[in-house]
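Examination of the molecular architecture
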Amino acid sequence: MKKVYLDNNATTMVSPAAAKEMERFNTIHYGNPSSLHNFGLDTRPELRKALDRIYRLVNAADADDVLITSGATEANNHVIKSVFRAAAERSRSGRKDHYITTNIEHPTVYNTFQYLEKLGAAVDYLPCDRHGLLYPEQIQAALRENTVLVSVMAANNEIGTILPVKEIAALCRERGVLVHTDATQAAGKIPVDARDWGVDYLSFSAHKFHGPKGVGGLYVRQGRRLEPLFHGGEQMANLRAGTLNVPGIIGMGAAAQEALDFLDYEATEVKRLRDKLEDFILQHIPAAFLNGDRQNRTPNTLNIAFQDCEGEALLWDLNEHGIAASTGSACASEELESSRILRALGIDKALSHMAVRFSLSRFTTEEEIDYVISVLPGIIRRLREISSGR
Ligand SMILES: Cc1ncc(COP(=O)(O)O)c(C=O)c1O
């Protein structure tokens, strides 16, 4: 049976070059870079090279910090809770500090803000429009005297919509408000430029751009405060104690370099294949509806709802044909929850249960897309017949 992996927004395959580099490194080096003997010291040049590549991925300046984390979950939690703690310390008088985010953030941001609300923060979750777009004027209107942080994702994980982070950061800078962006779904798919965007903090995760799992980063603009996540050793400038995940950093560095090399390919070839699948579906399968914005979108993401075709059942049938895709749904106890993101866009609950996400990568081939195109109409027809009781 064919195997077609179209779930790259969930996780990507580790690129052969990154895997090879990690393996080579692991067989030679096991010293701790913090040690003062050659076993440790010998790891440092390679570590430096990998960090340089990671800095280039997000265009950090030498003077900025990039904390190596266990992924974007940690980076998002760390920065939001750190800003909250620092603000709470400043405003012991009981003033409620104010935060702005969107209603389509990943749970690692959204749920963190919900947690802060319980601790007394005031949070605005700005609504995106039907296509998942947010407008800088919405931020302008929401900013208050006591706003301390605006957190807006660079690209959405379910629908791929790209948000205007640079414009938002410019507005916030004028008002002295800190800006964080979760760029996890942007890094490796579209150019990410922390300096040009003017953000204070930016999160990313290696396994979304063909690096290893369990490693990522948090960009921190020079001079911006961050509370330590872990206390202990002096690693990561005292902000994240613990022995460094050196092989992870080496793998992420190699993947970052390749991701930069392939950005044009993402914008042309990956997009062409995504559009081929999308055009086929919209032209040949009746009652299929695109979710997200057609233009303003990462080049690899396609989220589509098939009327009268339950998303989970479709995933199952696709899987039977060797095709891996996903829905935004999650099985919550007995009840099947539909995607919070799609509901936030105003898509009705029933239709949001029928949405499926196909996410491609630079390893997706034309032959794979042709295969999906050859089996999808039959799968949809069969599921619709079942749902109509025929
Ligand atoms: C937009 C976004 N932010 C954060 C995360 C969390 O990343 P990780 O699981 O690597 O910590 C993900 C992962 O799906 C994501 O898509």
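The structure this text deals with has already been given above.
Here is a short report on the structure shown in this document.

1. Focus on the pairing of strand 6 (residues 178-182)
Counted residue by residue, strand 6 has four buried out of five residues, so it is predominantly covered. Where strand 5 (residues 147-151) lies against strand 6, three bridges are found, and the strand directions are parallel. In the strand pairing of strand 6, Leu-149 is matched with Leu-178. Since strand 5 and strand 6 lie parallel, the crossover through helix 7 (residues 165-175) that links them has a hand, and here it is right-handed. By the bridge criterion, three bridges tie strand 6 to strand 7 (residues 201-205) in an arrangement that is parallel. Counted as the bridge partner of Asp-182 is Ser-203 from strand 7.

2. Describing the site of the ligand
In the vicinity of the ligand lie 14 residues, with Thr-73, Asp-182, Gln-185, Ser-205 and Lys-208 positioned nearest. Between an oxygen atom of the ligand and a side-chain N or O atom of His-106, the distance comes to 3.3 Å. Within the side chain of His-207, an N or O atom sits 2.8 Å from an oxygen atom of the ligand. A total of 390 Å² of accessible area belongs to the ligand in isolation, and the protein chains cover 85% of it. The dominant element in the shell around the ligand, judged by the number of residues it contributes, is helix 4 (residues 72-90), at three residues. Classifying every residue of the shell around the ligand by side-chain character gives two nonpolar, 10 polar and two charged.

3. Some thoughts on the sheet that holds strand 9 (residues 288-291)
Strands sit in the order 9-10-14 across an open sheet of three strands; the sheet is antiparallel. Looking at strand neighbours, the two that pair on one side only are strand 9 and strand 14 (355-359), the edges of this open sheet. Taking each pair of neighbouring strands and ignoring which way they run, the sheet shows an average axis angle of 30 degrees. Two strands pair when backbone bridges link them, and strand 9 and strand 10 (residues 301-306) are joined in this way by four bridges, in the antiparallel orientation. Bridge pairing in strand 10 links Phe-289 to Ala-305.

Cut-offs used in this document
Positions within a chain are numbered from 1, following the residues in the order the chain's sequence is written. Predicted model: local features are reported for residues with pLDDT of at least 70 only, side-chain atom pairs are reported and counted for 80 or more only, and whole-chain, interface and lining totals are derived from all residues. Water and hydrogen atoms play no part in the side-chain values, which are based on all heavy atoms of the structure. A 1.4 Å probe rolled over the protein chains alone gives each residue an accessible area, and that area as a share of the maximum for its type sets the label: buried under 20%, exposed over 50%, partly exposed in between. Note on conventions: DSSP H or I runs of at least 4 residues are helices, E runs of at least 2 residues are strands, and numbering of each starts at the N terminus. Pairing between two strands is assigned when DSSP locates at least 2 bridges connecting them. Handedness of a crossover is defined as follows: with both strands directed away from the viewer, a clockwise route from the first strand across the helix to the second makes it right-handed. For this purpose, a residue is taken to be near a molecule or strand whenever a single non-hydrogen atom of the residue falls within 4 Å of it. Two N or O atoms form a polar contact when they lie within 3.5 Å of each other; inside protein one atom must be a possible hydrogen donor and the other a possible acceptor, and for residues adjacent in sequence the pair counts only when both atoms belong to side chains. Residue burial considers only the protein chains on display, and all accessible areas are found by Shrake-Rupley using a 1.4 Å probe. For this scheme, ten residues count as nonpolar: Ala, Val, Leu, Ile, Met, Phe, Trp, Tyr, Cys and Pro. Four count as charged, namely Asp, Glu, Lys and Arg, and the remainder, Gly too, count as polar. Axes here mean lines fitted to C-alpha atoms, for a helix over just the part in contact, with angles spanning 0 to 180 degrees between N-to-C directions.

By themselves, these observations are geometric and do not establish any function.
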